[in-house]
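Structural overview for review
Below are the chains, spelled out letter by letter.
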Amino acid sequence: MAFLQNRSISLVDMYIDNSEPSENVGQIHFSLEYDFQNTTLILKIIQGKELPAKDLSGTSDPYVRVTLLPDKKHRLETKIKRRTLNPRWNETFYFEGFPIQKLQARVLHLHVFDYDRFSRDDSIGEVFLPLCQVDFSEKPSFWKALKPPAKDKCGELLTSLCYHPSNSVLTLTLLKARNLKAKDINGKSDPYVKVWLQFGDKRIEKRKTAVFKCTLNPVFNDSFSFNVPWEKIRECSLDVQVMDFDNIGRNELIGRILLAGKKRIGSDRNETLARHDHEATTDHSAVASSEARINC
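Here the residue index of a chain counts from 1 through its sequence in written order. Only residues with pLDDT of at least 70 are given local features in this predicted model, and only at 80 or more are side-chain atom pairs given and counted; all residues enter the totals for whole chains, interfaces and linings. Side-chain measures here rest on the full set of heavy atoms in the structure, leaving out hydrogens and waters.

Regarding the nonpolar core
Note the cut-off: For this analysis, a nonpolar core means a set of buried residues of the types Ala, Val, Leu, Ile, Met, Phe, Trp, Tyr and Cys, connected via side-chain atoms within 4.5 Å. Working definition: with a 1.4 Å probe on protein chains only, accessible area under 20% of the residue-type maximum means buried, over 50% means exposed, and in between means partly exposed. Strands are runs of DSSP state E lasting at least 2 residues, helices are runs of H or I lasting at least 4, and numbering of each runs from the N terminus.
Residues Phe30, Leu32, Leu43, Ile45 and Leu108 are the most contacted members of the largest nonpolar core, which totals 29 residues. No other element matches the four residues that strand S1 (residues 27-35) contributes to this core. Listed in part, the 25 residues of the second largest apolar core include Leu174, Leu197, Phe226 and Val240.

Here is the structure:
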C-alpha cells in the first residue's frame, strides 16, 4: 500500500507548478470554503485583473469555466462580463457530495475565456490547484497568475493502468484518443499507438495497436500486459507513442506521453500528464485511469 500512496502523490505532483507564467495574461481572485457537515465545497469566483485584450475594441468579454478534474463532464461557468479587462464576477458555486478524502484527490481547474458570438471563444489563461494543498480550516482566498494556454497541442489519450502484485502483471489499456493533430493532406491522420516497456533508459518490450484510417478520434479498446516483478515496478516506465501510419515513407510521430513512477518525474523524457484518478481495488492491485495530454 505504500507504493499506492507514493504513486498517487506523484500524479498530484504533476499539477504542482510554481514556475512563473511565460507571459502575463492576468490574474484571478477566488476563495474556497468546505462545509464539513454537508460535505460541500464552496467556490467563489471574485474577480480578474489585467487580462489581455482579445477584441478589436481593445477589451475582452471574459468568463470563467470551472471544473473539478478529472471529471470533465460537469462544467460550470460564470456569467460573461462585457468589454472589460478587470471583470468582477462575485459568483458562488457549490460542489455537493464530496467527502474530504475524495475532494483532496481532485484538482480545481479555472479556465478564463473571451466570449465571441461568431467564432470559437478564445482561451485567455488557466489555473490548476490540487485541493490536497488547501487548508480548508482557514477559508483561504487566492490571487493566482493565469498561465497562458498550452500551444501546439497534439491531442488527448484516455488510458487505464493496472498492476497486480500477486502475478506481477502490469496492464495498460488504451481506450481512445481525441483531437489528434492532423498529419495528412486530407486533414486527417491514420493513427495507431506504439508502447515500449522501459527500465531506466533501456527498452525491453514493444507492443502496438491496429491502424485506424482517416480519423482524429480513434477508439482503440486495446490492452497490453507486461511481466514486471514487484521489486522492479518503481524502475519501469511505459513510453506511449501515438503514430500516424504512412503507406509511403516513414510513419510520423503525432505525440507521446511517459507513464512513470515518481523517480522518473522531472527527467528529460517525462511528458506532462493531466486529469488522473487513482484508487486501490479490493485485491490490492494498483489501478489508475488517466486522460493524458499528448505532447509533441
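Next comes the rest of the write-up.
Re the pattern of salt bridges
Note the threshold: Within this document, salt bridges are pairs made up of a side-chain nitrogen of Lys or Arg and a carboxyl oxygen of Asp or Glu, the two lying within 4 Å of each other.
The final tally for this structure, using the stated rule, is seven salt bridges. Glu33 is paired through a salt bridge with Lys139; the nearest N and O atoms lie 3.7 Å apart. Placement of the pair is Glu33 in strand S1 and Lys139 in the loop between strand S7 (122-130) and strand S8 (141-145), with a sequence separation of 106 residues. The class for Lys139 is exposed, based on a relative accessible area of 54%. Among the ionic pairs, Arg203 bridges to Asp239, the shortest N-O distance being 3.5 Å.

A look at the pairing of strand S5 (residues 88-96)
Condition: Only strands that DSSP links by at least two bridges are regarded as paired with each other.
Across the two faces of S5 the burial differs, with Trp89, Glu91, Phe93 and Phe95 buried and Arg88, Asn90, Thr92, Tyr94 and Glu96 not buried at all. The pairing of strand S2 (residues 40-49) with S5 spans seven bridges and is antiparallel. Directly across from Lys44, in S5, lies its bridge partner Thr92.

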